[in-house]
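Listed below are the residues making up each chain.
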Amino acid sequence: MLQREVPYLRPPLATLVLIACVCIPFLQLGAQGARRSARKLPKIDMKLSGPTTLRPGESLESTIFQALLTNRSAEPLLLFVRSGILMNAKWDWTVTDAKGTPLGMGFEPGRGFCGTPITSPEAQAEARHLRNDNLLVLAPGESREFPVLPGPSDDYSFPSAGTYHLAVTLTYVPPNADHYFDERGKRQRAFGLEQWDLSRLGVDQFAAVTNSLSVQATSDIWNLELPSRRGPKQGIFFNNIPVQLH
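Residues numbered from 1 in each chain as written. Predicted model: local features only at pLDDT ≥ 70, side-chain atom pairs only at ≥ 80, totals over all residues. Heavy atoms only, no water.

Novice: Tell me what's going on with the overall build of the protein chain, and back it up with residues and numbers.
Specialist: A tally of helices and strands in the protein chain yields three helices and 14 strands. The proportion of buried residues among the 246 residues of the protein chain is 35%. (Helix = DSSP H or I, 4+ residues; strand = E, 2+ residues; numbered from the N terminus. Buried < 20%, exposed > 50% of the residue type's maximum accessible area, 1.4 Å probe, protein only.)

Novice: Help me get a handle on unusual backbone geometry, residues and values and all.
Specialist: Of note, the amide linkage connecting Leu-149 to Pro-150 takes the cis form, showing an omega dihedral of -10°. By the element assignment, Pro-150 lies in the loop between strand S7 (143-148) and strand S8 (162-172). The backbone of Asn-88 sits at a positive phi, close to 55°, despite the residue not being glycine. Mapped onto the elements of the fold, Asn-88 is located in the loop between strand S4 (85-86) and strand S5 (89-96). Located in the positive-phi region is Asn-176, a residue other than glycine, with phi close to 65°. Its location among the elements puts Asn-176 in the loop between S8 and strand S9 (179-181).

Novice: Mind laying out the sheet that holds S4, listing which residues take part and the relevant values?
Specialist: Strand pairing within a sheet occurs via backbone hydrogen bonds; the two strands may be parallel or antiparallel. Strands sit in the order S4-S3-S6 across an open sheet of three strands; the sheet is antiparallel. Taken across any chain shown, the strands that pair with only one partner, and hence form the sheet edges, are S4 and strand S6 (135-138). Pairing geometry for strand S3 (residues 77-82) and S4, over two bridges, is antiparallel. Counted as the bridge partner of Arg-82 is Ile-85 from S4. (Pairing = 2+ DSSP bridges.)

Novice: Now, about the packing of aromatic side chains: what can you tell me, with residues and values included?
Specialist: According to the stated counting rule, one finds three aromatic pairs in the structure shown. With 4.9 Å between their ring centres and 85° between their planes, Phe-80 and Trp-196 make a pair best called edge-to-face. Taken together, the positions of Phe-80 in strand S3 and Trp-196 in the loop between strand S10 (187-189) and helix H3 (203-210) put the pair 116 residues apart, joining distant regions of the chain. Per residue, the accessibility class of Phe-80 equals that of Trp-196, and both read buried. (Phe/Tyr/Trp six-rings, centres within 6.5 Å; stacked < 30°, edge-to-face > 60°.)

Read these as spatial facts, not as claims about activity.
Here's what the structure looks like:
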């Protein structure tokens, strides 16, 4: 008895195309998700620099310090920068004495994120638009210096002359993100941030912003020498103009 061959049934070409169209985007999404998961905590080195001493009566808060950020990650890092200032950034200072003891403060001010200065409603609305040239890409191994605004609070109390240690922690949140990851990798809610208008960004720039990463990093120690004790907000000068404090 002859056995009849069963012909191999090949699926129609349209079916193969449909399967490919469905699977490929999900594979791409999975790969992107895996990359984002691996890049949740960018590796950033931050070096602090500034004056090494301060004259009596000179404002510490209005003194300009600089933070040099170096991207130690394997992938580029996207940052929101305007006029050389890192936006959506919060700088938290730590000040200790020679023994590493944190200094006390006469009054602890709240520090917010760097955003748009208060101007006319029209100018403020215009300033909320992000432009392509507001985006800075920090390549792996590349460094960029940013001013730390403001400096350490004038409410710190320095009990005696001597050397004090300064360090600053940067928290950078991408535009319109509602969370960031701290240095331990823990997800934190982001408060006090402006909402930015992304409608003027190009397609690629928009995608880069929405997929960009938060940064939290702490600088190395910078030594500051004070010639005399210094109480909170005592005899402060702004731009060499004495200010009467009450």
